[in-house]
Amino acid sequence: MRFAIGDTDFLLDGEPHRVLSGAIHYFRVHPDLWADRIRKAKLMGLNTIETYVAWNAHAPSPGVFDLTGGLDLGRFLDLVAAEGMHAIVRPGPYICAEWANGGLPYWLFADGTVGVRRDEPGFLAAVSSYLQALAPVLVPRQIDQGGPIVLVQVENEYGAYGSDPVYLRALEQMHRDIGLTVPFTSVDQPMGTMLEDGSLPSLHKTGSFGSRSAARLERLRQAQPTGPLMCSEFWDGWFDSWGEHHHTTSAADSAADLDVLLAAGGSVNIYMFHGGTNFGFTNGANDKGVYRPIATSYDYDAPLDEAGRPTPKFHAFRAVIERYAPVPPLPASMEPGGSGRLASDAADGVGLEARITPATDLAVRLDRVASLRSLLPTLTTWSAYDEPPTFDALGAASGFVLYRAEVDLPSGGVLTVGTEVRDRAIVSVDGVVVGVLEREHHDRAIVLPPVTGTLELLVEDQGRVDYGIRIGEPKGLIGGVAVDGVPLSRWTASPLALDPIAPSALEALSAVEPADGEALAGPTFATGSFDLDAVDDRYLSLDGFRKGVAWVNGFCLGRYWSRGPQQTLAIPGPVLRSGRNELVVFELHASASRTAHLLLEPSLGHTEG
């Protein structure tokens, strides 16, 4: 088959074809749930699945390129093909996506010599290697080779960042050099000169917007007089940042804008069809003067919620799509009021019966508790430095680094971080917490009590900036540390082995004798077990806890924070097992309770975001 760009339409084997696509990021969805989410996209009336490729997820360190498990992009694309759908792939190299560092590997910028998103030899050489590693996955899965891929996007909203046609031409040629032959696209907001700045005449321009469809398409047509009109990011919701409100958009208003877009003959990629979750420490952050880390949930108020269930937006969009294209019949479980579940059929593996959902919520008692200090030998490998090293210098992509210095301050003093705390530091003296430094509040100084002993700063990377000029910046205590203006030297530092959590730490924690009591004083780890007769998606409620990280059966669910708006963590059903399960919580501050809850639904007041 052939897919091409005609004068007015996309052409599939020479016939006009409308792309009806939905975004699903394979790296935000448990791989055992990929097929379920893809099938549901087809049930809404879509014919295409779009995904970014997260370079830094595949390449956690230099010389490594992981295509296994939840990073098996080839398997994801094969499942798209098995559903009879097409695929749009956006390998970047920059993706934004509210993902750590916009998908760019932290190690690429560790020595400060490599450029970011520009015509610079070090950056282009790394991108070339990245695309070559992707070639065996992408090239044979193009539509003209019998695969599902019909479009590939070069870069991502580059017009909002810069205007460098030399860089874009180099990227385009790299994509061609690995054997990609399908049409190439660019995407930018139809505002100002972004469409022109972010593309080339050889790239088909598409727009990104979520409202005012007619005006946006008019601007797109002005920038590109011929070819099919396409909104390749139709924003149907938005992401959440910690401490802000949960973002929602009207299903009726979004459906009306989608209707205008399709009535004009446009093609669409709904961003997101299903958002999923920033598991582990993968969330990004924004910094437009104030640093704002993005929440663990990436529900996005999408047609399919974080647990994969249809929302009112699913049905509103399906009703619109049905006016322009045939849609499959909905199984009863996907109708309004249904369970939203699809079940395997013993005969063909694609049956649509609803699964039986467990009937009750479940309390989990965290009866084994161990302080961070007591578990440090299982979580750290100390090294000595004259100054506090960055996370990047330590080879830490994310998570936590513990910094230590021996001090003699009989009168105390004022501790100051030279340039910036990136991103949050819990300051302790001899194991007693004295305060917190928050990048978000531009904190750089704290008063220390008298101490002759150990000064510790537990620094958390709360998310690498994914948009704008601060992409690629290092993490840690930037600019050194001084007390009363005198620099502190002779530090030891170590990343904490938390994603995945070190098996030796889990063993040590499980060996702790169960203890009575309610409150927890952090930083501390707590664990408890629970039994399940049936496995299904759940939500973890940590009501009464303040801030930290949670794991189920060794799988890192991500961060929680009492400031909201997110109040529960999604637990994918495949992470759970029939019988005994283990929950671990790393609480940074304190909790009023040692009891967590596994819920069938998110907490009241929380709409998965």
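Residues numbered from 1 in each chain as written. Predicted model: local features only at pLDDT ≥ 70, side-chain atom pairs only at ≥ 80, totals over all residues. Heavy atoms only, no water.

*Asks:* Please give an account of the sheet that holds strand 3 (residues 15–17) that cites residues and values.
*Replies:* Pairing in this open sheet of three strands is antiparallel, and the strands run 1-2-3 from one edge to the other. Each end of this open sheet is capped by a strand with a single partner; those strands are strand 1 (3–5) and strand 3. Averaged over neighbouring strand pairs, the angle between their axes works out to 40 degrees when direction is ignored. (Pairing = 2+ DSSP bridges. Helix = DSSP H or I, 4+ residues; strand = E, 2+ residues; numbered from the N terminus. Axes fitted to C-alpha atoms, helices over the stretch in contact; angles between N-to-C directions.)

*Asks:* Any details on the pattern of salt bridges? Residues and values, ideally.
*Replies:* A side chain of one charge can pair with a side chain of the opposite charge when the charged atoms of the two come close. Applying the stated criterion across every chain, the model contains 39 salt bridges. A salt bridge links arginine 90 to glutamate 50; the shortest N-O distance between them is 2.9 Å. Residue arginine 90 is found in strand 6 (residues 86–90), and its partner glutamate 50 is found in strand 5 (residues 48–52); the two are separated by 40 residues along the sequence. Grouping residues by exposure puts arginine 90 and glutamate 50 together as buried. A salt bridge links arginine 559 to glutamate 460; the shortest N-O distance between them is 2.8 Å. One end of the pair, arginine 559, is in strand 33 (residues 555–561); the other, glutamate 460, is in strand 23 (residues 451–461), and 99 residues separate them in sequence. Of the residues examined, glutamate 460 reaches a relative accessible area of 3% and is grouped as buried. Because the salt bridges share partners, they merge into one network encompassing Asp287, Glu420, Arg422, Asp423, Arg439, Asp461, Arg470, Glu473 and Lys475. (Salt bridge = Lys/Arg side-chain N within 4 Å of Asp/Glu carboxyl O. Buried < 20%, exposed > 50% of the residue type's maximum accessible area, 1.4 Å probe, protein only.)

*Asks:* For the packing of helix 1 (residues 34–43) against helix 3 (residues 73–82), give the residues involved together with the corresponding values.
*Replies:* Here helix 1 crosses helix 3 at 35 degrees, and the two axes come no closer than 10 Å. You can see that helix 1 and helix 3 cross each other, and the crossing is right-handed. In contact with Trp34, Ala35 and Ile38 of helix 1, helix 3 contributes Arg75, Phe76, Leu79 and Val80. For the contact of helix 1 with helix 3, the residue count by class is six nonpolar, no polar and one charged. (Left-handed = near helix turned anticlockwise from the far one by under 90°. Contact = heavy atoms within 4.5 Å. Nonpolar A, V, L, I, M, F, W, Y, C, P; charged D, E, K, R; others polar.)

*Asks:* Provide a residue-level description of the layout of surface pockets, including the pertinent values.
*Replies:* As a volume, the largest pocket reaches approximately 1,100 Å³. For the largest pocket, the lining is made up of 46 residues, of which Phe279, Gly280, Phe281, Thr282 and Asp499 are closest to its centre. Those elements giving two or more residues to the lining of the largest pocket turn out to be helix 2 (55–58), strand 17 (399–409) and strand 33. In terms of residue class, the lining of the largest pocket is made up of 27 nonpolar, 15 polar and four charged. (1 Å grid on protein atoms, 1.4 Å probe; cavity = no way out; pocket = protein on both sides within 12 Å on 5 of 7 lines; lining within 4 Å. Points joined across faces, edges and corners; volume = space filled by probe spheres on them.)

*Asks:* Before we move on, could you go through empty space enclosed by the protein and cite the residues and values that matter?
*Replies:* Summed over all chains, the structure comprises three cavities of 30 Å³ or more. Forming the walls of the largest cavity are 17 residues, and the residues nearest its centre are Arg37, Thr277, Glu306, Ala307 and Pro572. Among the elements of the structure, strand 31 (538–541) and strand 34 (568–571) are those that each provide at least two residues to the lining of the largest cavity. Looking at the lining of the largest cavity residue by residue, the class counts come to eight nonpolar, four polar and five charged. By volume, the second largest cavity is sized at about 60 Å³. For the second largest cavity, the full set of lining residues is Glu50, Ile88, Arg90, Leu151, Gln153, Thr185, Thr206, Met230, Ser232 and Asn269. When contributions to the lining of the second largest cavity are tallied by element, the ones reaching two or more residues are strand 6, strand 7 (149–153) and strand 10 (230–235). Of the residues in the lining of the second largest cavity, the class split is three nonpolar, five polar and two charged.

*Asks:* I'd like a rundown of the nonpolar core, residues and numbers included.
*Replies:* In this structure, Leu46, Leu73, Phe76, Leu77, Leu138 and Tyr271 are the most contacted members of the largest nonpolar core, which totals 106 residues. The greatest single-element share of this core, amounting to ten residues, is contributed by helix 4 (residues 121–138). Residues contacting phenylalanine 76, with those up to four places away along its chain left out, are Ile24, Tyr26, Trp34, Ile38, Ile49 and Thr51. Core analysis: the next-biggest nonpolar cluster, separate from the first, contains 27 residues, Leu394, Val429, Leu455 and Val483 among them. (Core = buried A, V, L, I, M, F, W, Y, C linked by side-chain atoms within 4.5 Å.)

*Asks:* I'd love a proper account of the packing of aromatic side chains, names of residues and values included.
*Replies:* Going through the model one piece at a time under the given rule, you end up with 27 aromatic pairs. For the ring pair tyrosine 26 and phenylalanine 27, a centre distance of 5.0 Å and an interplane angle of 80 degrees mean the geometry is edge-to-face. One aromatic cluster in this structure is built from Tyr52, Trp235, Trp238, Phe239, Tyr271, Tyr298 and Tyr300. Taking the ring centre of tyrosine 161 as reference, the NZ or CZ of arginine 117 above it sits at 4.3 Å. (Phe/Tyr/Trp six-rings, centres within 6.5 Å; stacked < 30°, edge-to-face > 60°. Lys NZ or Arg CZ within 6 Å of the ring centre and 35° of its normal.)

*Asks:* Could you give an account of the packing of helix 8 (residues 251–263) against helix 9 (residues 312–321), with specific residues and numbers?
*Replies:* Where helix 8 meets helix 9, the axes come as close as 9 Å, and the angle between the chain directions of the two elements is 25 degrees. In terms of axis orientation, helix 8 runs roughly parallel to helix 9. The element helix 8 and its partner helix 9 pack so that their crossing is right-handed. Contacts between helix 8 and helix 9 pair Ala251, Ser254, Ala255, Leu258, Asp259 and Leu262 from the former with Pro312, Lys313, Ala316, Phe317, Val320 and Ile321 from the latter. Looking at the contact of helix 8 with helix 9 residue by residue, the classes come out as nine nonpolar, one polar and two charged. (Parallel < 35°, antiparallel > 145°, perpendicular 65-115°, else oblique.)

*Asks:* Break down the sheet that holds strand 14 (residues 362–365) for me, citing the residues and quoting the values.
*Replies:* Reading across from one edge, 14-37-31-34 is the order of the four strands in this open sheet, with antiparallel pairing throughout. The open sheet has two free edges, formed respectively by strand 14 and strand 34, since each of these has just one partner strand. Adjacent strand axes in the sheet meet at a mean angle of 30 degrees, parallel and antiparallel pairs treated alike. In this structure, strand 14 lies alongside strand 37 (residues 595–599), joined through four bridges in antiparallel fashion. Residue pairing for strand 37: arginine 365 is matched across the bridge by threonine 595.

*Asks:* Can you lay out helix 8 for me, pointing to particular residues and giving the numbers?
*Replies:* Across its 13 residues, helix 8 extends 18 Å between first and last C-alpha, which sits within 8% of the 18 Å expected from 1.5 Å per residue. If you check which residues of helix 8 are buried, you get Ser254, Ala255, Asp257, Leu258, Asp259, Leu261 and Leu262. Looking at the buried side of helix 8, the elements it contacts are strand 4 (20–24), strand 9 (204–209), helix 7 (213–223), strand 10, strand 11 (267–274) and helix 9. One side-chain oxygen at the N-terminal end of helix 8 lies 3.3 Å from the backbone nitrogen of alanine 252; it belongs to serine 250. Just downstream of helix 8 lies glycine 265, where phi reads positive at about 90 degrees. (Expected span 1.5 Å × (residues − 1). Polar contact = N/O pair within 3.5 Å; in protein donor to acceptor, adjacent residues only side chain to side chain.)

*Asks:* Kindly report on unusual backbone geometry, identifying the contributing residues and their values.
*Replies:* With an omega dihedral of 5 degrees, the bond running from aspartate 499 to proline 500 counts as a cis peptide bond. Mapped onto the elements of the fold, proline 500 is located in the loop between strand 28 (491–495) and helix 11 (503–510). A cis amide bond links glycine 522 to the next residue, proline 523, at an omega of 0 degrees. Of note, proline 523 is situated in the loop between strand 29 (520–521) and strand 30 (524–532).

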